[in-house]
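Structural description and commentary
Single-letter residue listing:
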Amino acid sequence: MTDARKAGADTRAGIAPRAFLESVPLYQPGDEPCAVDLSDNTNLWGAPPAAARELRSLSSGIVARYPDLYSEQLRNALARHFSLRPDMIVTGCGSDDVLDAAIRAFGEPGSKLAYIDPTFTMIPTFARLNGLVPQPVALTASYDADADGLLEQKASIIYLCSPNNPTGTTLTRKSIEYVLETFDGVLIIDEAYAEFAGESVVDLLSRYERLLVARTFSKAYGLAGLRVGYMLGASSAVAAITKVRGPYKVTAAGERAARTAVLEDQDWVSARALDAVSIRQRLTAELQALGLAPLPSRANFVLVPVHRAPVVAAAMRRRGVLVRAFGNLAPIDAALRETGGSALRIGVGPWDQVATALTALREALAECA
Ligand code: PMP
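Nothing here was measured: the structure is a model prediction, and the numbers come from that model.

**Quick word on the overall build of the protein**
Across its full length, the protein holds 15 helices and twelve strands. A compact globule built from 369 residues would reach a C-alpha radius of gyration of about 21 Å, and the protein, at 21 Å, matches this within 12%. Each principal axis of the C-alpha atoms in the protein carries an extent, and together these give about 65 × 55 × 50 Å. Considering only residue pairs separated by 6 or more positions, the protein has 73% of its internal contacts joining residues 24 or more positions apart. In the form shown here, the protein has an accessible surface area of approximately 16600 Å², with 52% of it arising from carbon and sulfur atoms.

**Focus: the sheet that holds strand E11 (residues 324–326)**
The three strands lie next to each other as E9-E12-E11, forming an open sheet whose pairing is antiparallel. Strand pairing shows two members of the sheet lacking a second neighbour, strand E9 (301–305) and E11, which therefore form its edges. When the angles between neighbouring strand axes are averaged without regard to direction, this sheet yields 20°. Alignment of E9 against strand E12 (residues 343–347), held across five bridges, turns out to be antiparallel. Paired with Phe-301 across the bridge in E12 is Gly-347.

**Looking at the packing of helix H4 (residues 72–82) against helix H11 (residues 252–264)**
Relative placement of two packed helices is described by the angle separating their axes and the distance separating the axes. Between H4 and H11, the least distance of the axes is 9 Å, while the angle of their chain directions is 20°. By the angle between their directions, the pair H4 and H11 is classed as roughly parallel. As for the relative orientation of H4 and H11, their crossing is left-handed in sense. On H11, the residues that touch Glu-72, Gln-73, Leu-74, Ala-77, Leu-78, Arg-80 and His-81 of H4 are Glu-255, Ala-258, Arg-259, Val-262 and Leu-263.

**Digging into the site of the ligand**
Taken together, the neighbourhood of the ligand is formed by 13 residues, with Ser-95, Asp-190, Thr-216, Ser-218 and Arg-227 sitting nearest. A distance of 2.7 Å separates an oxygen atom of the ligand from a polar side-chain atom of Ser-95. Protein chains bury 93% of the 400 Å² of accessible surface belonging to the ligand in isolation. The element that contributes the greatest number of residues to the shell around the ligand is helix H5 (residues 94–106), accounting for three residues.

**Describing the packing of aromatic side chains**
Inspection of every chain in the model, using the stated rule, returns five aromatic pairs. Look at Phe-217 and Tyr-230: their rings are 5.5 Å apart centre to centre, the planes differ by 50°, and that puts the pair in the tilted class. Highlighted residues: Phe-217 in the loop between strand E7 (211–216) and strand E8 (229–232) and Tyr-230 in strand E8, separated in sequence by 13 residues. Among the aromatic residues, those joined into a ring-pair cluster are Phe-82, Phe-217, Tyr-221 and Tyr-230. Positioned above the aromatic ring of Trp-351, the side-chain terminus of Arg-282 is 3.7 Å from the ring centre. When the ring centre of Phe-301 is taken as origin, the NZ or CZ atom of Arg-345, which lies over that ring, is 5.7 Å away.

**Quick notes on helix H2 (residues 49–56)**
Buried within H2 we find Ala-50, Ala-51, Ala-52 and Glu-54. Next to the buried residues of H2 lie H11.

**Thoughts on unusual backbone geometry**
With omega at 0°, the peptide bond leading from Asp-117 into Pro-118 counts as cis. Checked against the element boundaries, Pro-118 lands in the loop between strand E3 (112–117) and helix H6 (122–129). The amide bond that connects Ser-162 to the next residue, Pro-163, takes the cis arrangement and shows omega of -10°. Tracing the backbone through its elements, the reader meets Pro-163 in the loop between strand E5 (157–161) and helix H8 (173–182). A positive phi angle, near 55°, is found at Ser-83, a position not held by glycine. With respect to the helices, strands and loops of the structure, Ser-83 is situated in the loop between H4 and strand E2 (89–92). In this model, Tyr-143 sits at a positive phi of 65°, which is unusual for a non-glycine residue.

**Some thoughts on the environment of Ala-214**
When you line up the elements, Ala-214 lands in strand E7. For Ala-214, a relative accessible area of 0% puts it in the buried group. Beyond its immediate chain neighbours, meaning those up to four positions away, Ala-214 contacts Leu-99, Ile-189, Asp-190, Glu-191, Ala-192, Tyr-230 and Met-231.

**Concerning the environment of Ala-138**
As for its position among the elements, Ala-138 is in strand E4 (residues 133–138). Considering only alpha carbons, one finds Ala-138 and Arg-345, 207 residues apart in sequence, at a separation of 18 Å. Dropping the residues within four chain positions of it, Ala-138 is found in contact with Asp-117, Asp-146 and Ile-332.

**Focus on the nonpolar core**
One finds Leu-160, Ile-188, Leu-211, Phe-217, Met-231 and Leu-344 to be the most contacted residues of the largest nonpolar core, which totals 115 residues. Beyond its immediate sequence surroundings of up to four residues, Phe-217 is in contact with Leu-74, Leu-78, Gly-222, Leu-223, Ala-224, Val-228, Tyr-230, Ala-258 and Val-262.

Parameters at a glance
- Sequence order as written defines residue numbering, which begins from 1 separately in each chain.
- Two thresholds apply to this predicted model, a pLDDT of at least 70 for residue-level local features and 80 or more for giving and counting side-chain atom pairs, whereas whole-chain, interface and lining totals are computed over all residues.
- Only heavy atoms go into the side-chain values, all of them from the structure, while hydrogens and water stay out.
- By definition, any uninterrupted DSSP run of H or I lasting at least four residues is a helix, any uninterrupted run of E lasting at least two residues is a strand, and each is numbered from the N terminus.
- The reference for a compact globule is 2.2 Å times residues^0.38; the radius of gyration itself is calculated from the C-alpha atoms.
- Throughout, a residue-residue contact means that at least one pair of heavy atoms, one from each residue, lies within 4.5 Å.
- Only the protein chains shown count as covering a residue, and every accessible area follows the Shrake-Rupley method with a 1.4 Å probe.
- Whether two strands pair comes down to DSSP finding at least two bridges between them.
- An axis is simply a line fitted to the C-alpha atoms; with a helix, the fit covers only the stretch in contact. Between two such axes, the angle follows the N-to-C directions and lies from 0 to 180 degrees.
- The labels follow the angle: roughly parallel below 35 degrees, roughly antiparallel above 145, roughly perpendicular from 65 to 115, and oblique for the rest.
- Left-handed describes a crossing whose near helix is turned anticlockwise from the far helix through less than a right angle; right-handed describes the clockwise counterpart.
- One heavy atom within 4 Å of a molecule or strand makes the whole residue count as near it.
- Any pair of N or O atoms that falls within 3.5 Å is considered a polar contact. Within protein, one atom must be able to donate a hydrogen and the other to accept it, and sequence-neighbouring residues count only if both atoms are side-chain atoms.
- Between rings of Phe, Tyr and Trp, where Trp is taken as its six-membered ring, a pair exists when centres lie within 6.5 Å; planes separated by under 30 degrees are stacked, by over 60 edge-to-face, and by other angles tilted.
- Whether a charge sits over a ring depends on NZ of Lys or CZ of Arg being within 6 Å of the ring centre and within 35 degrees of the ring normal.
- Think of it in three bands: with a 1.4 Å probe and only protein chains considered, a residue is buried below 20% of the maximum accessible area for its type, exposed above 50%, and partly exposed in between.
- For the purposes of this section, nonpolar cores are sets of buried Ala, Val, Leu, Ile, Met, Phe, Trp, Tyr and Cys residues that join through side-chain atoms within 4.5 Å.

Okay, structure coming up:
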């Protein structure tokens, strides 16, 4: 009993959170910090230069006051970048925030959210926190969405991710358009890694009001610590998500840095994304040379099936390298079937870090054989 309880202030039973929260996991992807951290798919080249300069110039007056209610200037910059109207953009505290708000805005409690499996682990959690029933539908053997399988769920929301986390693979435009043509509900496409693939469905926004596209400043844009994300969609959908999201969700520092990155750092972002792509190709070839079968990634990370991935990751961790281990992913291809869904996701950064990770992986595989 704590001292406060001993003092006898309140003898009633303790407070209890809502019962379903007992089965909702806390997001805890990693370990303690490591010398080489390739576990979270952020930009390991750092923050873009003009945005970093903007951050250094922030005055205390700016941080003493509230930020703009709905990030008007950032939305204006993004609107120019995408050739969309500002009322088609809602910002948030990371793309987590806009995904969560969109699910709350469009998913009646009790309805289903169908999503590709495997995918971003927060999606089923956001569904449940908003009272929806998460319904996973395995990717096909060619890493595409099983469009009919998703549609059969009779969901109110379908979530797709391309390039997908953790597979790194992209969905075909054909399957996305098929869902858009056939589905009556809201289709969310998460494009957190689109800058690395060089393809996007943003152009489809002009044809489909039911399409919402989520984007982030946490990956290619190198601003994960500032927590800025956004969603693009029809103005009526964006207005609903904005209500749900609430005011002041993007900090003054986050808004200024993100706006500066959009306006002044495009060349840097594109160059670093190209660096990531070429190092990803080199990493993939090295993994294949080890006799492994990495999935064909278009993102800034590679998923490689290995037996006992959590044990291998722990052995890499002891060698100062952090990667993300998955124990039982949906076995969508032959390599994942072979390992029982066990796989490592290795992020891409400057080659010296990736080379260190490869050495640690070789040693860890030998140790765990
Ligand atoms: N979507 C995907 C597919 C992700 O991988 C992540 C981060 N791991 C997010 C969304 C959330 O990113 P953030 O909240 O930093 O924008």
